[in-house]
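Structural overview
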Amino acid sequence: MRLALSALLILGACTTGGAPGAGPLGALTSSLQNPSMDGRRGPVEVQVKSAYPVILSEIAAGGGPELTRAMDLARIPASDRPARLIQLQGDLPLYSGNPGALILALLVYGG
């Protein structure tokens, strides 16, 4: 019972009470259902998975050609990239060992 209550509180904290799709879970759900990502997902996934260790090191170092290529494929606007790089650096522990999370982040940042 205590575990169920804890889970309910945690999931409840993830909602904002706003529009459908708001909050972290809504962003994930919306991005997975977004048909505009379908054409980008494959190329971004191939790039990230083929250069994964290099991309992780480039994130930590502040950029590099493999990360730039992944951002190009994800269609992240050049004007957004400095802020997105800071976000990627802050979340780097999440992406270590989880290329899928990095792929999803890049796709969401690409809009």
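Residues numbered from 1 in each chain as written. Predicted model: local features only at pLDDT ≥ 70, side-chain atom pairs only at ≥ 80, totals over all residues. Heavy atoms only, no water.

Some points on the side chain of Glu 58
Assignment of secondary structure puts Glu 58 in helix 4 (residues 52–61). Separated by 2.6 Å, the side chain of Glu 58 and the backbone nitrogen of Leu 67 make a polar contact. Excluding anything up to four places from it in sequence, Glu 58 contacts Gly 63, Gly 64, Pro 65, Glu 66 and Leu 67. (Helix = DSSP H or I, 4+ residues; strand = E, 2+ residues; numbered from the N terminus. Polar contact = N/O pair within 3.5 Å; in protein donor to acceptor, adjacent residues only side chain to side chain. Contact = heavy atoms within 4.5 Å.)

Remarks on helix 5 (residues 65–74)
Listed as buried for helix 5 are Leu 67, Ala 70, Met 71, Leu 73 and Ala 74. Take helix 5 and look down its axis: the buried residues cluster within an arc of 160 degrees, on one side only. Where helix 5 terminates, the next one or two residues include Arg 75, which has phi positive at roughly 65 degrees. (Buried < 20%, exposed > 50% of the residue type's maximum accessible area, 1.4 Å probe, protein only. Arc of directions from axis to C-beta.)

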